[in-house]
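Structural features, examined
Each chain, written out:
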Amino acid sequence: AACARSGQRVLHVDSRNYYGGNWASFSFSGLLSWIKENQQKTDINDECEDWRKLILENEEVISLSKKDKTIQHVEDFCFGDQDSAEDVEEAGALPKLPVFGASGAEGVAQESEKECPPVESAVPEVESAEPEKATGTEPASAMEGNDTEITSENESSHSAALGESTLESGKTEAAPSEISAQEPKKITYSQIVREGRRFNIDLVSKLLYSRGLLIDLLIKSNVSRYAEFKNATRILAFREGKVEQVPCSRADVFNSRQLTMVEKRMLMKFLTFCLDYEQHPDEYQDYENSTFAQFLRTRKLTPSLQHFILHSIAMVSETDCSTLEGLQATKKFLQCLGRYGNTPFLFPLYGQGEIPQCFCRMCAVFGGIYCLRHSVQCLVVDKESGRCKAIVDHFGQRISANYFIVEDSYLSESVCTNVCYRQISRAVLITDQSVLNTDSEQQVSILTVPPVDLGKPAVCVIELCSSTMTCMKDTYLVHLTCPSTKTAREDLEPVVQKLFNLNTEKETNNEELEKPRVLWAVYFNMRDSSGVDKNSYDGLPSNVYVCSGPDSALGNDCAVKQAETIFQEMFPTEEFCPPPPNPEDIIYDEDEIVPEESGFSNSAETKPESSTEEGSSGDSTAVKKEDNEE
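Scope of this entry: the structure provided in the associated data block. Note that the structure is predicted; figures quoted are calculated from it, not measured.

With respect to the overall build of the chain
Regarding its fold elements, the chain presents 15 helices and 23 strands. By residue count, 56% of the 630 residues in the chain fall in the buried class. For the chain, long-range pairs separated by at least 24 residues make up 77% of all intrachain contacts whose partners lie at least 6 apart in sequence. Accessible surface for the chain amounts to roughly 27,300 Å². Of this, 47% is attributable to carbon and sulfur atoms.

See the structure below:
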C-alpha cells in the first residue's frame, strides 16, 4: 500500500481466494471450510509444466513452496446442541459455484455430522479456503456500544469525546437491551450455522494500542476512514480461581471496591512513578538485572497489586521480563489510557481482518492491482547480477519487476533450511455468556491468565461481544493466544477448562453451571516468523524482501515496523504512507495522465518493474511493488 501511495506500480498476487493471509477473518461457514482445507492432505500439481522454457541460459530459478505449512494441529469441537443441521442454510448466503470444490454448505453438513470428538489432524495446507469473508465490510450506520472512528484529534487525553475527533466512546457501557439475570438462552449448532454470516472470526487475535504505531499510521495515512472501532471496555485478571476487573485509570482505582484505601494509594503512587521512571533512575538501577516481578516485591505492594500490575497492566512474563522491560510496558499501557476511553485498547468492528483489507483498499485507490487464486511457480534470478528479474505464475506467464516482497510461507524448505521458527497456539471459542457478567452484555474484555508452572507462557484471552460485529446476538467470541510449547490444544485447553464449562447438559454440576458454556471451539498452531533475519534465508537475491506473518504480541508494532523497514530499504528518499492529498489541491492535466515508464510485461526482454507482495499483512507472493501495511 505504501508503494502504491508513493507512485509505484504494484501487483499483488495471492494463491488464496481471500485477502489477508493469516491475518484474515472468516464467517462461520468460511472458517469451517478453512479448517477442512487444513485437515486435508492434498498435493498441488503444476497447472503448467512448460514454464521452464521461459527461463534463459543466463538465468536460474528459485522455486516457491506449493503448500502453506504455517497452520498445524487443527482440531475443532462442537459442544452445543447438535440438532439436525444438515439442511440448515446460512442466512443470506449466495449460491456456491462448483468450481471452488466443496461448498460452505457441504462443509457445514459434514461438520454437523460429527460427534463431540473432533476430526483431528496436523496437516498444514492453507491454499484456498473456500468462502471469502461473508459479512459485508461496510461499516454499519448505527452500532451498539462504543464505536470509535479514529482521526487525528487533539492529543489531550481527555478530549477524546469532542466532536472534532468523532469519537463516541464517552460511555463505557452500551445500554443493554434487557438485563438477563436469568438463565442464558440456549444456542444450538443449527442457529450458529444459520447466523454464520454474523460471525467474523479472526485467525490472529490482537488489539490496537490507542497510542501505538498502527493507530498513528491509520491516522497519518487516512486509512482509518475505511474502518470503525470499538473500545475494549475492561481489563480483567484471573486470581485465586476467580475473574476480577482490574482498575487501571485514576477513576477506576478510586471507584474500585476490590482495593482498600491503602492499596489505592500504593497503586497510584507506583503508576505515577512508572509514567516518568526515566527521571528517577536511582529507584530502579539496583534492580536492572532482576526480573520485573522481583522489582515489584521491593515496592511495598500487596500480592494482589503485584498480580494486577504484572499480568493485567504490564502483561509481561513473571520469569523472563527484566525490570526495565516491565517499566516500559507499564508506561506504554498508562500512556494509552484516556485517548479513546478508560482502557488503552481499540478493536476494529468486523474483526482484525479489516485492517489488512483497509490497506488493500488504499493500495487499490492509488492503482494497485490484486489477483487472488493466482499462485507463483518461481522467482527468476539473473546469474550475472544476482538480482531477481521476474516471476513465473501458474499460467506460465513471466512477469518482470524491480522489487519483490514475498511472504515467508511462500519460500521453499531449501531456502528456509537455517531458519528457526517459533509457533503460536490459538483457540477460538463461541460461548453463551461472558466470563464476568455485569449489567451490560456488550463488553469487550482482555484477560491474562498466568501460567500454573513458572517459565510457561501466560495466556491472553480476548472476549468479544456481538456489538463488535464478530458474533451473533446472545453469544460471545473468545480468542486465546500464547507462544507454543506443545500443540495448541495441549497449551490452551487447561485454561479453557478453568474459565468455561465444556460438559454437556446432562453431566454438568453446580460449579460448572456458573461458568459460561462453550458451544463450539477450534484449536490450531500458527507459525510465528517474526524476528527472522533476512540473512537466515539461503540464497535470496538482494531485491527480494521477506515479510513475516503475525507474531504472538498483543499489539501490531512488529508488523508496522517491518513494513516501514522494507519500504525504506527500497525507497530511502520516499515518505512511508504520507497523508493523502487534499482533493482541492489536485490539478488534473491530460498530459500527466499517461503513466510513466512502467507497465506489466509478460516477455523476458521487457524492462523489469517493481514488485511486491503484501507487506506485513501477510497476504502472499510477490509481483509488482507493494507494501500493504499491517
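A word on the packing of aromatic side chains
Under the criterion given, the structure shown has 20 aromatic pairs. Consider the rings of Y18 and F26, whose centres lie 4.9 Å apart with planes at 75°: the pair is edge-to-face. Taken as a pair, Y18 and F26 share a single burial class, namely buried. Note on F292 and F295: the rings are 6.3 Å apart at their centroids and 25° apart in plane angle, and the pair reads as stacked. Note that F292 and F295 are positioned in helix 8 (residues 292–297) at a spacing of 3 residues, about one turn of the helix. Here F292 falls in the buried class, since its relative accessible area comes to 0%.

A short note on the sheet that holds strand 16 (residues 398–400)
The 4 strands lie next to each other as 3-14-15-16, forming an open sheet whose pairing is antiparallel. If you trace the sheet from one side to the other, it starts and ends with strand 3 (59–63) and strand 16, each paired once. Each strand of the sheet is rotated relative to its neighbour by a mean of 30°, with strand direction disregarded. Pairing of strand 14 (residues 376–382) with strand 15 (residues 388–393) involves 5 bridges; the strand directions are antiparallel. Paired with V376 across the two strands is D393, which belongs to strand 15.

Some points on the pattern of salt bridges
Throughout the structure, instances matching the rule amount to 22 salt bridges. Between D14 and R16 there is a salt bridge, and its shortest N-O distance comes to 3.7 Å. Comparing D14 with R16 shows no difference in burial state: the two are buried. With a closest N to O distance of 3.9 Å, E318 and R297 form a salt bridge. Placement of the pair is E318 in the loop between helix 9 (303–313) and helix 10 (323–336) and R297 in helix 8, with a sequence separation of 21 residues. When salt bridges that share partners are traced, they join D14, R16, D68 and E407 into one network.

Quick word on unusual backbone geometry
Backbone geometry follows two general trends: most residues other than glycine have a negative phi, and most peptide bonds adopt the trans configuration. Despite not being glycine, K300 shows a phi value in the positive range, around 55°. Along the chain, the position of K300 falls in the loop between helix 8 and helix 9. Here M315, not a glycine, exhibits a phi torsion of approximately 55°, which is positive. Here M315 is to be found in the loop between helix 9 and helix 10.

Examining the nonpolar core
Core analysis: the largest hydrophobic core is formed by 74 residues, its most contacted members being F28, L31, W34, F270, F292, F345 and W520. Considering every element that reaches this core, the biggest residue donor is helix 7 (residues 261–275), with 6 residues. Apart from the residues lying within four places of it in its own chain, the contact partners of F28 are Y189, I192, V193, G196, F199, I201, I430 and W520.

Concerning the pairing of strand 11 (residues 242–245)
Here 4 bridges tie strand 10 (residues 234–239) to strand 11, and the two strands are oriented antiparallel to one another. When the bridges of strand 11 are listed, A237 appears paired with E244. Once strand 10 ends, the chain turns through 2 residues before running back antiparallel as strand 11, passing E240 with a positive phi of about 55°.

Topic: the environment of A521
As for its position among the elements, A521 is in strand 22 (residues 518–528). Sequence spacing of A521 and D76 is 445 residues, and the spatial spacing of their C-alpha atoms is 5.6 Å. Discounting residues that sit within four places of it in the chain, A521 has contacts with E75, D76, F77, F79, V428 and L429.

So, the packing of helix 5 (residues 213–221) against helix 11 (residues 354–365)
Between two packed helices, the angle of one axis relative to the other and the distance separating the axes together describe the packing. Relative orientation of the contacting elements helix 5 and helix 11 amounts to 25°, with a least axis distance of 12 Å. When the interaxial angle is binned, helix 5 and helix 11 end up roughly parallel. In this structure, the crossing between helix 5 and helix 11 has a hand that is left-handed. Residues L214, L217, L218 and S221 of helix 5 pack against I355, F359 and M362 of helix 11. Residue composition of the contact of helix 5 with helix 11, by class: 6 nonpolar, 1 polar and no charged.

Some thoughts on helix 9
Most of helix 9 is tucked away: 10 of the 11 residues are buried. Along helix 9, the residues that are buried comprise S304, L305, Q306, H307, F308, I309, L310, H311, S312 and I313. Close packing links the buried residues of helix 9 with strand 10, strand 11, helix 7, helix 8, helix 10 and strand 19 (445–449). Of the residues trailing helix 9, M315 is marked for its positive phi of about 55°.

Some thoughts on the side chain of E407
Position of E407 among the secondary structure elements: in strand 17 (residues 404–407). Of the residues examined, E407 reaches a relative accessible area of 2% and is grouped as buried. For E407, the side chain forms a polar contact with the side chain of S409, separated by 2.7 Å.

Focus on the pairing of strand 22
Within strand 22, 11 of the 11 residues are buried, leaving the element largely enclosed by the surrounding structure. Across 6 bridges, the pairing between strand 4 (residues 71–78) and strand 22 is antiparallel. By the bridge assignment for strand 22, I71 is matched with M526. Sheet analysis places strand 18 (residues 422–431) next to strand 22, joined by 10 bridges and oriented antiparallel. Pairing of T431 across the sheet is with V518, part of strand 22.

Structural notes on the environment of Y537
Mapped onto the elements, Y537 comes out in the loop between strand 22 and strand 23 (544–547). In this structure Y537 comes out as buried when scored by relative accessible area, which is 6%. As for Y537 and E413, which are separated by 124 residues in sequence, their C-alpha atoms are 9.9 Å apart. Dropping the residues within four chain positions of it, Y537 is found in contact with D408, L411, V415, C416, V419, Y421, V532 and V546. A distance of 2.6 Å separates a polar atom in the side chain of Y537 from a polar atom in the side chain of D408.

Conventions used here
- Residues numbered from 1 in each chain as written.
- Predicted model: local features only at pLDDT ≥ 70, side-chain atom pairs only at ≥ 80, totals over all residues.
- Heavy atoms only, no water.
- Helix = DSSP H or I, 4+ residues; strand = E, 2+ residues; numbered from the N terminus.
- Buried < 20%, exposed > 50% of the residue type's maximum accessible area, 1.4 Å probe, protein only.
- Contact = heavy atoms within 4.5 Å.
- Areas by Shrake-Rupley, 256 points an atom, 1.4 Å probe, with all protein chains shown as cover.
- Phe/Tyr/Trp six-rings, centres within 6.5 Å; stacked < 30°, edge-to-face > 60°.
- Pairing = 2+ DSSP bridges.
- Axes fitted to C-alpha atoms, helices over the stretch in contact; angles between N-to-C directions.
- Salt bridge = Lys/Arg side-chain N within 4 Å of Asp/Glu carboxyl O.
- Core = buried A, V, L, I, M, F, W, Y, C linked by side-chain atoms within 4.5 Å.
- Parallel < 35°, antiparallel > 145°, perpendicular 65-115°, else oblique.
- Left-handed = near helix turned anticlockwise from the far one by under 90°.
- Nonpolar A, V, L, I, M, F, W, Y, C, P; charged D, E, K, R; others polar.
- Polar contact = N/O pair within 3.5 Å; in protein donor to acceptor, adjacent residues only side chain to side chain.

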